[in-house]
Amino acid sequence: MQDFVDAVQFIGEHTALLWQLTLDHLALSGAAIGIALVLAIPLGVTLGHVHRGSFAAINVSNVGRALPSLALISIGVAVLGIGFVNVMVALIVLAFPIVLTNAYVAVDGVDQDAVEAARGMGMTGREVLWKVELPLALPLIFAGIRTAVVYVIATATLASVAGAHSLGDVIVDQATYRLPGVLGAAMCVAVLALLAELLFAALQRAVTPRALRLEERGVPVMLGDPPLTNERTAST
Amino acid sequence: MKQGTLRLILALVAALALTTGLAACGGGDDDGGSGSTQAAASQPGKGKPSVTLGTKNFTEQFVLGQLYKQALEAKGFTVALKQNIGSTEIADKALRSGQIDLYPEYIGIFNTAVAGDAKAYPSVDAAFGAGKAYAERHGFTLLPLTPFTDIDALAVLPKYARAHQLESVADLKGVGRFKLGAPPEFRQRETGLVGMARVYGIRDVDFSPLTIGLQYQALDDGKIDVADVFTTDGQLQGGRYVLLRDPKNVFGFQNVTPVVSTRVLQAEGPAFEDTLNAVSRVLTTEAMQRMNAAVAIDKQSPADVAQQFLQANGLV
Amino acid sequence: MAEPVIPDFGRGSSCVRENGTFCWDWVNSHWGDTLRPALVQHVVLTLIAVAVGFAIAFTLALIAYRRGWLTTPVVLVTGLLYTIPSLALFQLLVPFTGLSRTTAEIALVSYTLLILFRNTLAGLAGVPEEVRDAARGMGLTRRQLLWKVELPLAMPAIVAGLRIATVTVISLATVAVFIVNEGLGAPIYAGLQQTFKTELIAAGALCVALALAADALLVLAQRALTPWTRFARSA
């Protein structure tokens with residue numbers, strides 16, 4: 001218990017260092033997420049809109065989830081060497097499938113009645129996408145972004161073994177910072193991840209039209225994974 | 001259905017592959033040594049309580065751990081190996097809290113990092129004497145030193161050495177700011193940046209913390225200018241790197257001594273200590289370098305390498 | 001003191017010595033002493049974590065199904081645990097349970113709880129009301145309703161949760177190497193220390209293969225346990 005008290009003290013005494021590492025951590029995570037979003041969302045949305053590539057789009061997420069983060073970072077070191085860019089690439093590879101699958105399922109799964117109605121009103125494919133499908137798909141897309149963000153922030157902690165900087169620098173360096181330091185940094189990382197989760201949960205709720213809020217159907221949805229089963233369930 | 005059939009095939013293939021792998025080529029038991037021929041002679045370790053041996057987080061420690069473990073097991077002792085615990089600080093903590101009973105430590109590191117004693121000793125025996133005194137006060141025993149010493153050294157690429165005319169650590173002062181890659185603990189150590197600043201006046205260092213083992217890659221890639229390496233590293237064979245001399249002996253003495261809990265040492269009996277000492281006695285610098293190289297360059301497993309060495313020297 | 005005998009340890013193949021991207025010969029000769037033990041340890045770590053996690057989460061879900069107020073606090077706590085990055089959680093447990101398998105297992109179990117709890121509950125909640133009415137109409141007690149009707153119908157969701165949990169644990173168990181030198185994280189970390197590409201790729205690939213195999217096996221298990229969903233799928 002004393003260790004945790006010391007850990008809080010450590011945070012107080014090393015605020016500047018921890019703040020700098022937090023910024024490094026966020027920079028790494030932010031860059032990776034940003035690029036992953038730019039790559040995955042257009043692709044996922046387009047595939048979902050034309051209802052093609054379902055096998056790949058859904059299973060890439062299974063494979064992606066199976067990729068052990070430490071192994072991926074390590075392979076990145078083997079192939080690309082150490083440093084910020086290489087770790088960022090590994091993080092992009094981890095985030096991409098989550099965002100892609102969610103974007104695909106979100107757009108693909110939009111109620112076809114609404115789409116039919118829109119087409120019936122004379123909307124072009126593009127208008128249907130932007131005016132009907134995307135607004136309805138937004139919550140699930142955001143669920144994917146949220147999951148990816150938390151996942152990347154968590155994994156960026158491991159960046160230290162590959163020459164990039166993050167709060168993990170302190171966690172793996174018990175030699176210098178001793179146990180209170182390690183615990184203090186661990187607490188900081190945990191808080192960081194939680195804040196990200198809460199922020200994106202709020203964002204997700206903000207873009208969800210009331211009618212679609214799943215909570216109201218008595219289904220607890222906390223961390224937005226892709227849909228509960230991988231087969232399309234009729235009830236959703 | 002296409003999705004389902006593909007999954008089925010995938011599952012069968014994967015299951016088949018895993019089963020084949022798990023069953024076939026399964027010659028090796030876990031780490032070698034334990035199933036070797038029964039030395040029908042003395043088994044003084046039989047019946048003694050089990051011991052937990054810990055090792056730190058790099059190649060040489062893995063080899064040392066296997067050497068001591070297999071030698072003890074050949075004499076009938078029961079040894080649980082906790083490999084790759086972490087750096088000195090973690091290993092020391094584990095020892096004090098009883099999670100491990102012994103681990104191999106370097107005498108210089110023991111004095112500075114564990115005993116908090118920053119004094120530079122004139123000889124390795126003096127250093128050992130000081131360390132032993134501290135240990136005994138705290139319930140540990142330091143067993144006799146190995147012949148080999150594995151000290152920190154600063155390595156650079158030959159072209160960097162030529163460009164800045166570097167022969168010794170002192171020459172680094174004239175380089176200006178340079179990037180140094182080392183395990184994180186190097187920053188705080190007397191046998192690290194602290195000593196370099198105090199003794200050689202080298203302060204303008206851009207420090208890059210790296211996991212042990214990554215320094216060579218970083219050096220090759222040009223990400224760092226100078227790397228902290230260990231003098232018995234396998235990677236140093238072949239002369240690809242230039243080691244800077246350390247005339248003022250900042251990096252000190254680093255012969256290995258098994259740090260054992262005194263209570264455990266007494267409980268295990270004199271044969272325990274003798275076995276460990278017998279192994280330590282034959283660990284010369286060359287032997288250690290060759291074993292490290294076998295693991296680091298030829299990618300043999302530490303257990304295999306240790307077993308071969310012990311067999312060649314009649315210790316198992 | 002005589003000089004020791006230093007045996008010839010054998011040269012690694014040129015592929016290994018030059019750190020080629022992938023050397024089959026190394027994998028073959030070190031399967032038994034390095035890769036297989038790590039794989040077996042990894043499987044054991046995973047099985048224990050998923051089994052214990054499922055036991056806890058399933059029980060909590062059943063209780064929460066009856067007492068709805070329990071849902072939110074459980075989701076909050078398990079969600080909190082899930083969000084804490086693995087490396088941090090492992091270290092936070094060390095002062096309590098030391099550098100042991102127990103520490104690793106506690107952390108791994110924590111990561112399964114949210115998914116398993118959420119999916120079990122969602123599966124139960126998703127049973128159509130008409131089916132429940134019909135069952136009650138046939139005279140089933142609440143307990144019979146649960147075990148004979150609701151749980152079987154909740155199977156797809158429960159197994160989906162098991163799949164996600166299992167694959168997640170398989171991935172996170174690699175990080176356990178910072179606590180205890182077991183599982184596929186061990187050769188990964190060792191490979192990292194030498195930037196030995198073959199070992200990194202071999203151990204990493206094994207981890208992925210393990211996760212895919214586990215996932216596929218669970219799908220098969222689900223199909224076996226819920227034959228009626230076969231019709232729903234082909235509809």
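Residues numbered from 1 in each chain as written. Chains lettered and ligands numbered in written order. Predicted model: local features only at pLDDT ≥ 70, side-chain atom pairs only at ≥ 80, totals over all residues.

Description of the pairing of strand β1 (residues 51-54) of chain B
All names here are of chain B. Pairing geometry for β1 and strand β2 (residues 79-82), over 4 bridges, is parallel. Looking across to β2, one finds that V51 is bridged to V79. You can see the chain leave β1, run along helix α2 (residues 59-74) and come back into β2, and the turn it takes is right-handed. (Pairing = 2+ DSSP bridges. Helix = DSSP H or I, 4+ residues; strand = E, 2+ residues; numbered from the N terminus. Right-handed = clockwise from strand over helix to strand, strands pointing away.)

Thoughts on the nonpolar core
Among the nonpolar cores identified, the biggest contains 242 residues, and A:A95, A:V99 and A:V152 are the most heavily contacted of them. Counting residues per element, this core draws most heavily on helix α5 (residues 84-108) of chain A, which supplies 16 residues. Split by domain, the residues of this core number at least three in each of domain 1 (51-149 + 253-312) and domain 2 (153-244) of chain B. Contacts of A:V99, omitting those with residues within four sequence positions, involve A:A36, A:L37, A:A40, A:I41, A:G44, A:G144, A:I145 and A:A148. (Core = buried A, V, L, I, M, F, W, Y, C linked by C-beta atoms within 7 Å. Buried ≥ 20, exposed ≤ 12 C-beta atoms within 10 Å, placed from the backbone. Domains from an automatic or database assignment. Contact = placed C-beta atoms within 7 Å.)

Quick look at unusual backbone geometry
All names here are of chain B. One non-glycine residue, N84, adopts positive backbone phi at about 60°. Structurally, the position occupied by N84 is in the loop between β2 and α3 (88-96). One non-glycine residue with positive phi stands out, namely K299, at about 55°. Turning to its location among the elements, K299 is positioned in the loop between α11 (285-296) and α12 (302-312). Taking the C-beta count within 10 Å as the criterion, K299 has 25 such neighbours and is therefore assigned buried.

Thoughts on the environment of B:V199
Residue and element names in this part refer to chain B. Among the secondary structure elements, V199 is positioned in helix α7 (residues 193-200). Its 17 C-beta neighbours within 10 Å are what place V199 among the partly exposed residues. Sequence separation of V199 and V250 is 51 residues, and the distance between their C-alpha atoms is 7.1 Å. Those residues in contact with V199, other than ones at most four positions away along the chain, are K248 and V250.

Some thoughts on α3(B)
Along an α-helix, residues three or four apart share an orientation, since each turn contains 3.6 residues. Within α3(B), 7 of the 9 residues are buried, leaving the element largely enclosed by the surrounding structure. Along α3(B), the residues classified as buried are B:T88, B:E89, B:I90, B:A91, B:D92, B:A94 and B:L95. At its buried positions, α3(B) is contacted by α9 (174-207) of chain A together with β1, β3 (102-106), α4 (107-114) and β10 (256-261) of chain B. Backbone geometry just after α3(B) places B:G98 at a positive phi near 85°.

Details of the interface of chain A and chain C
Of the residues lining the interface, 41 residues belong to chain A; the matching set on chain C comes to 46 residues. Sorting the residues of the side of chain A that touches chain C by element identifies α3 (54-66), α4 (69-80), α7 (125-156), α8 (168-171) and α9 of chain A as the ones contributing at least two each. For the side of chain A that touches chain C, the element with the most residues is α9(A), which contributes 9 residues. Considered class by class, the residues forming the side of chain A that touches chain C number 27 nonpolar, 9 polar and 5 charged. (Nonpolar A, V, L, I, M, F, W, Y, C, P; charged D, E, K, R; others polar.)

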